Amino acid sequence: MFRTALRNVLAHKARLLMTVLAVMLGVAFVSGTLVFTDTLSNAFGNQSAKSYKDVAVAVTTYPDSENSKKEQGIDARTLEKIQGLDGVAAATGRVSGFAGVADPDGKLIGNGWSNTGANFEPGKGGKDAAYDFTDGSGPAKAGEIALDKATADKGKYKTGDTVRVATNGPVKEYTLSGVFTTEDGQVNAGGSLVLFSTPVAQQLYLTPGHFKDVTITAASGTSEQQLLGAVKPLLPEGAEAQTGKELADDQAKMIEEGLSALNQVLLGFAAIALFVGIFLISNTFTMLVAQRTKELALMRAVGASRRQVKRSVLLEAMVVGAIASVVGFALGLGLATGLRSAMSAFGAKVPAGPLIVSPTAVAAAFAVGVLVTMLAAWLPARRAAKIAPVAAMSSVHAVATTKSLVVRNSIGGAITLLGAAGILGGAAVGKDGRMLIGAGAFFALIGIIVLIPLLSRPVIALVRPLISKLFGVSGTLAGQNAVRNPRRTGATASALAIGLTLVTGLSVLGVTMGRAVDKMTTDNIKADYMFTMAGGGSLDSSALSALEKAPGVSALSPQTAANIELKGEWAAFSGVTPGDIERVINVTPVSGSLDSLAKGAIVVDDKTAKNGDLKVGDSVPVKFADGKESKLTVGATYKGNEFLSSVLIDQKTVNKHEAKPYIREIWVKTDGGASAANEKALVDALGQNPAISVMDQQDIRNQFGGMINTMLNIMYGLLGMALLIAVLGVINTLAMSVFERQQEIGMLRAIGLDRRKVKTMIRLEAVVISLFGAVIGISLGTFLGWAIGQTVKDSVPGYALVVPWDRIGVFLLLAGVVGVLAAMWPARSAARLNMLDAIKAE
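Residues numbered from 1 in each chain as written. Predicted model: local features only at pLDDT ≥ 70, side-chain atom pairs only at ≥ 80, totals over all residues. Heavy atoms only, no water.

**Student:** I would appreciate a short explanation of the overall build of the protein in the present structure.
**Tutor:** Summing up its helical and strand segments, the protein has 27 helices and 25 strands in all. Along the three orthogonal principal directions, the C-alpha set of the protein runs to about 100 × 70 × 45 Å. By the burial criterion, 48% of the 842 residues in the protein qualify as buried. Looking at the protein alone, contacts between residues at least 24 apart form 81% of all its contacts between residues at least 6 apart. Counting every atom, the protein has about 38900 Å² of accessible surface; 60% of that belongs to carbon and sulfur. (Helix = DSSP H or I, 4+ residues; strand = E, 2+ residues; numbered from the N terminus. Buried < 20%, exposed > 50% of the residue type's maximum accessible area, 1.4 Å probe, protein only. Contact = heavy atoms within 4.5 Å. Areas by Shrake-Rupley, 256 points an atom, 1.4 Å probe, with all protein chains shown as cover.)

Given below as structure tokens:
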């Protein structure tokens, strides 16, 4: 039977080509994902191990600038004691924080969150072991810095050049003393690293004479554990010490956990692609079995058992799956290499290292390829085994019995109703109903797939008069052919329906969320500009002072994150400017007066007031960051919005209790509104600081909307594999249908249907099937998008369902184009059939 199966695969290799391609793409997705994440994990793990290679013990502190009584890091005396311990070869103090480098055009180099500044701490010989200088040397005095090579290259800086650098204060100019290479993870993530002399770094990021971290190298013969035991007693309260191995292991674990999430997402989309491929594979083997009915019947007649016939079809599927797995795995290796190169192209530097092909990746790829193909071929194999020899010899095509159709439709209807009930139930529950919606969506999709042959006749019947009128006899024949075999049409359309269900659902949800965020921004922001620190850090108070003095400013208020307890519990306080906050943000009073802010009162949003049983006039106990306690009066309540914290307090009150307030953002309103001149004046007032971003209202909307569109585009790209496999399914069905209908096409040609009309007939058939699948997918996707929206609407102010008719129109148009493109090869093959040979064909 194996020889028979192999012979059949070779005999029908052209008809199995699309099946091989579908499985190959799915396997490539799976293997590429596994190899890619394994390679990244290995590369970053090796980099981490290399960076801690000479570290025996690492000490980490967590400075608290708000607590003046707490020791800020490791002082110089403690460092000297550590250096004097037996078994210590070297102990180096480190201090770090944010530092942004401006390019020659004044723009920030890097992405903000990974722009770092640190100290250069030379040891014996004037070198710092953490950095290898390719040009110049480390900074030796206050006006000097060194840059990592990637940043120097991006800014086109050379040793001796003047470089503008911004920390959390005003931007300053430094002389570039040297350029270095490093294994620092932040730099490899696309950021920058600026080295200052140690006194300058301490002044910028901590306090003079103190270090945030200490790295210790062991002398020969001293173990890490011995050194750890000797170091711990010398450390101040709150400091942590770990061995270099523990630190490297923790780093490797964090990398693995981070990549695990990426791995699961990519494999989830690979599973969708393979699920879609099952329909193509099943359809192919169903048609092959139908076309080989006489052959299979003859095998039964000469003694083959049902089990042997079934085994023969499954063996064919196994051979096809194995071939596709080999090619798909090779393609997956190329995909992994391409993804790695793409990361580098987008600025995320991936450490050098080999491509990691693990036994798990190989086994998973082949298991997926072979098992998915055999699973999809199981039902066709079962049908083939049930064919009675005599009945099969008398009819080429077995027709589904009424009983089988009734059973199928009944089961499909029940599953669909169950899924619909789950979706509606989850939508009614709200935010806790997402799991219920997910389960309902799964059952609804399965039910629709089972019912889709039944749906094909009435849905396609709606367009048959139109195509008959527009395309004449070709349109009439195409409409009839599309519903001639509902199961085949349904299986082909199902693949497209699954992909478009997910794409449409994401589009509905994404567009609706984007519109809600846009409305929220428009309704709540009155300011012309918002200023924030790159990477989400705190703005320096000097920025606030500079903007207050800038020309054209009519109103200004910061939002300062204040560390204050309200009635014994932490609450989200923001320090704002009384009188100006309501001019830059829409603050709608519910009770009381906002003028009370200037008199030392607090203003609370309505939800917090309700939850805390707070009323206007209440005197409530508060505890500030410096430990001082007081009582403040609730002066007003307001309708909460997404751009304000739960409790507002006068910025001056915050400044009295916090040495270095954390200014999240500054809102500015200017005379004449947003304009190029006003923006330039504000940027100039800040000293053209590259680390401070300025956004007008449109930029703020674009920031939120851009995130949603980026996520949608990523999802579209990942679902593209599933849609490509669906297209292959349409091509495959049409090609095999043309082969099956050779005699019929020959007769049509003989009675006067020319080649052009034959091509039109096949193309229209493809378009009808594609649009049918698209309509089913778009309808179900819109329903799911609405249901998921019901679970998030309470947490998104202004949420209202938006059906993206423009995108839906594009999806339908693309489905039609897919049909036309998919029909090119089958239509050409049908038109080129020799009439006499086709009529003689069985």
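**Student:** In this structure, what is going on with the nonpolar core? I would like to understand it.
**Tutor:** It is characteristic of soluble globular proteins that their nonpolar side chains tend to be buried jointly. Counting residues in each nonpolar core, the largest one holds 101 residues, and the members touching the most others are V276, F285, I725 and I762. Counting residues in hydrophobic clusters, the runner-up holds 22 residues, among them V517, M520, V576 and L597. (Core = buried A, V, L, I, M, F, W, Y, C linked by side-chain atoms within 4.5 Å.)

**Student:** Hey, could you run me through helix α14 (residues 434-471) in this one?
**Tutor:** For an α-helix, the turn length of 3.6 residues means that residues three or four places apart are oriented alike. Over its 38 residues, α14 runs only 46 Å from end to end, short of the ideal 56 Å by more than 12%, given 1.5 Å per residue. Where α14 bends most, the angle comes to about 60°, and this point is I452, followed within four residues by the proline P453. Downstream of α14 by one or two residues, G472 has phi in the positive range, about 65°. (Expected span 1.5 Å × (residues − 1). Bend = angle between axes of the 7 residues up to and from the residue.)

**Student:** For this particular structure, what's the right way to read the environment of I564?
**Tutor:** Tracing the backbone shows I564 in strand β17 (residues 553-566). I564 gets classed as buried once you look at its relative accessible area, which sits at 1%. Along the sequence, I564 and G221 sit 343 residues apart, while their C-alpha atoms lie 51 Å from each other. Dropping the residues within four chain positions of it, I564 is found in contact with E569, W570, A571, F573, V622, K623, F624 and I649.

**Student:** Sorry, what's going on with the packing of helix α15 (residues 473-482) against helix α24 (residues 755-792) here?
**Tutor:** Any two packed helices are characterised by the angle at which their axes cross and by the distance between the axes. At their nearest, the axes of α15 and α24 sit 8 Å apart, and the two run at 45° to each other. Here α15 lies oblique to α24, going by the angle between them. Judged by the twist between their axes, the crossing of α15 over α24 is right-handed. Between α15, through V473, S474, G475, L477, A478, N481 and A482, and α24, the contact on the second element is made entirely by K757, T760, M761, L764, E765, V768 and I769. In terms of residue class, the contact of α15 with α24 is made up of eight nonpolar, four polar and two charged. (Axes fitted to C-alpha atoms, helices over the stretch in contact; angles between N-to-C directions. Parallel < 35°, antiparallel > 145°, perpendicular 65-115°, else oblique. Left-handed = near helix turned anticlockwise from the far one by under 90°. Nonpolar A, V, L, I, M, F, W, Y, C, P; charged D, E, K, R; others polar.)

**Student:** Any chance you could explain the packing of aromatic side chains here in plain terms?
**Tutor:** Centre-to-centre distance and the angle between the planes together describe a pair of aromatic rings. Here the structure, examined in full by the defined rule, presents nine aromatic pairs. Arranged with centres 5.6 Å apart and planes meeting at 75°, the rings of F442 and F443 form a pair that is edge-to-face. For F443, a relative accessible area of 35% corresponds to the partly exposed category. Every member of this aromatic cluster is reached through a ring pair, and the members are F120, Y131, F133 and F180. (Phe/Tyr/Trp six-rings, centres within 6.5 Å; stacked < 30°, edge-to-face > 60°.)

**Student:** Whenever I open this one, the environment of S96 confuses me. Can you help?
**Tutor:** Mapping S96 onto the fold places it in strand β4 (residues 96-98). With 21 residues separating them in the primary sequence, S96 and G117 have C-alpha atoms 5.4 Å apart. When sequence neighbours within four positions are dropped, the list of residues in contact with S96 reads T116, G117, A118, Y205 and K212.

**Student:** What is the right way to read the pairing of strand β14 (residues 213-218) from this model?
**Tutor:** Successive residues of a regular strand alternate their side chains across the two faces of the sheet. Strand direction decides the pairing type here: strand β1 (residues 57-60) and β14, joined by four bridges, are antiparallel. Across the sheet, residue V57 finds its bridge partner in β14, namely I216. When strand β3 (residues 88-94) meets β14, the two strands line up antiparallel, connected through six bridges. Paired with V88 across the two strands is A218, which belongs to β14. (Pairing = 2+ DSSP bridges.)

**Student:** How should I be thinking about the side chain of T198 in this particular structure?
**Tutor:** Structurally, the position occupied by T198 is in helix α6 (residues 198-205). Side chain to side chain, T198 and N119 meet in a polar contact 3.3 Å long. A distance of 2.4 Å separates a polar atom in the side chain of T198 from a polar atom in the side chain of E121. In contact with T198, other than residues within four places in its own chain, are N119, F120, E121 and F211. (Polar contact = N/O pair within 3.5 Å; in protein donor to acceptor, adjacent residues only side chain to side chain.)

**Student:** Even after reading the chapter, I still don't get a nonpolar patch on the surface, so can you show me in this structure?
**Tutor:** Taken together, the side chains of I323, V326, V327 and F366 make up a nonpolar region of the molecular surface, amounting to roughly 310 Å² of accessible area. If one sorts the elements of the nonpolar patch by residue count, helix α10 (residues 306-345) sits on top with three residues. Note on placement: I323 falls in helix α10. (Patch = residues over 30% accessible without salt bridge, like charges linked within 9 Å, V, L, I, M, F, W, Y side chains within 5 Å. Salt bridge = Lys/Arg side-chain N within 4 Å of Asp/Glu carboxyl O.)

**Student:** Where do I start with the environment of V231 in this structure?
**Tutor:** Take V231: it is sitting in helix α7 (residues 224-231). Relative accessible area serves as the criterion here: at 0%, V231 is assigned to the buried category. With residues near it in sequence (within four places) discarded, V231 still touches V59, I82, L85 and I216.

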